Amino acid sequence: LERSLFALCRWQTFAPEQAELVIVDDSSPDSAKLESVLKEYAPFFYQTKLVVMDKRLSKIPVFFNNPALGINLAVKAAENEIIYKTDPECLPLTETVKNALEIFDPNVIRFFSVRLLTEKETDVFNLDAMRAVHPMVLYEKKLAQLPDLWHIDELHRKQYWYGAIFSRKKHMAISGLDEEYLRGFA
């Protein structure tokens, strides 16, 4: 999360009055560290909200995970019309907030996929390296040279996360994501 917030806040050009940050804490093992990180990055947003997820409030029992629950909680806590949903595993290398503002259409849900970095790639994108140079420099000089980068096939399966840009009003009008889909697992 800290690495992603660093890239989001230090290497993008949105103004604080353009964005709020809503974080959903799904039983973080170190809530003091989480609060410290949020305080450090709070000046980059006009407001920062931390929502602590209580899985007991889910419509169905949550045995492992229920991503829909966290997304619904975040959208309810947000106050802006444009929702740019992402995860701590997603490292923004480009102007994702500016791009989200430019392509937003209240009648369209836009999805984007993000491949999970391998262990070697994660080492390249550590906070110390990112404090020294822009992530695009890291990408061009180091990450792009790693073997099998972005190579997805049956022999090289990589995990994917997703992000989305959508209307808060439309999300609320349909009562959010279905928390019961696949028994809450997906």
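How each quantity is defined
Residues numbered from 1 in each chain as written. Predicted model: local features only at pLDDT ≥ 70, side-chain atom pairs only at ≥ 80, totals over all residues. Heavy atoms only, no water. Helix = DSSP H or I, 4+ residues; strand = E, 2+ residues; numbered from the N terminus. Buried < 20%, exposed > 50% of the residue type's maximum accessible area, 1.4 Å probe, protein only. Polar contact = N/O pair within 3.5 Å; in protein donor to acceptor, adjacent residues only side chain to side chain. Contact = heavy atoms within 4.5 Å. Patch = residues over 30% accessible without salt bridge, like charges linked within 9 Å, V, L, I, M, F, W, Y side chains within 5 Å. Areas by Shrake-Rupley, 256 points an atom, 1.4 Å probe, with all protein chains shown as cover. Salt bridge = Lys/Arg side-chain N within 4 Å of Asp/Glu carboxyl O. Axes fitted to C-alpha atoms, helices over the stretch in contact; angles between N-to-C directions. Parallel < 35°, antiparallel > 145°, perpendicular 65-115°, else oblique.

Engineer: Even after reading the chapter, I still don't get the side chain of S167, so can you show me in this structure?
Structural biologist: Relative to the helices and strands, S167 resides in strand β5 (residues 160–167). We classify S167 as buried; its relative accessible area is 2%. Of note is the side chain of S167, whose polar atom sits 2.5 Å from the side chain of E81. At a separation of 3.3 Å, a polar atom in the side chain of S167 contacts the main-chain amide nitrogen of K169. The residues contacting S167, other than those within four sequence positions of it, are E81, F104 and P106.

Engineer: Whenever I open this one, unusual backbone geometry confuses me. Can you help?
Structural biologist: Located in the positive-phi region is S27, a residue other than glycine, with phi close to 60 degrees. Note on placement: S27 falls in the loop between β1 (20–25) and α2 (31–41). Classification of S27 by relative accessible area gives exposed; the value is 57%. Non-glycine residue S175 carries a positive phi angle of around 65 degrees. Take S175: it is sitting in the segment after α8 (168–173).

Engineer: Is there a simple way to explain a nonpolar patch on the surface in this structure?
Structural biologist: A grouping of F63, F64, Y181, L182 and F185 is seen on the molecular surface, where their side chains present a nonpolar patch of about 680 Å² in accessible area. Looking at the element boundaries, L182 is found in the segment after α8.

Engineer: Just to check I follow, could you spell out helix α3 (residues 67–77) for this structure?
Structural biologist: Residues three or four positions apart in an α-helix share a direction because the helix packs 3.6 residues into each turn. Here α3 lies mainly inside the structure; eight of its 11 residues are buried. Among the residues making up α3, those that are buried are A68, L69, G70, I71, N72, A74, V75 and A77.

Engineer: Before we go on, may I ask you to explain the packing of helix α1 (residues 2–10) against α2 in this structure?
Structural biologist: Between two packed helices, both the angle of their axes relative to each other and the distance between the axes serve to describe the pair. Between α1 and α2, whose axes approach to 11 Å, the crossing angle comes to 5 degrees. Looking at the two axes, α1 sits roughly parallel to α2. Of the residues in α2, those touching α1 at E2, L5, F6, C9 and R10 are K33, V37, L38, E40 and Y41.

Engineer: Any chance you could explain the side chain of T96 here in plain terms?
Structural biologist: Following the sequence through the fold, T96 ends up in helix α4 (residues 96–103). At a separation of 2.9 Å, a polar atom in the side chain of T96 contacts the side chain of Q12.

Engineer: For this particular structure, what's the right way to read α1?
Structural biologist: When you tally the buried positions in α1, you get eight out of nine residues, the bulk of the element. Taken as a whole, α1 has its buried residues at E2, R3, S4, L5, F6, A7, L8 and C9.

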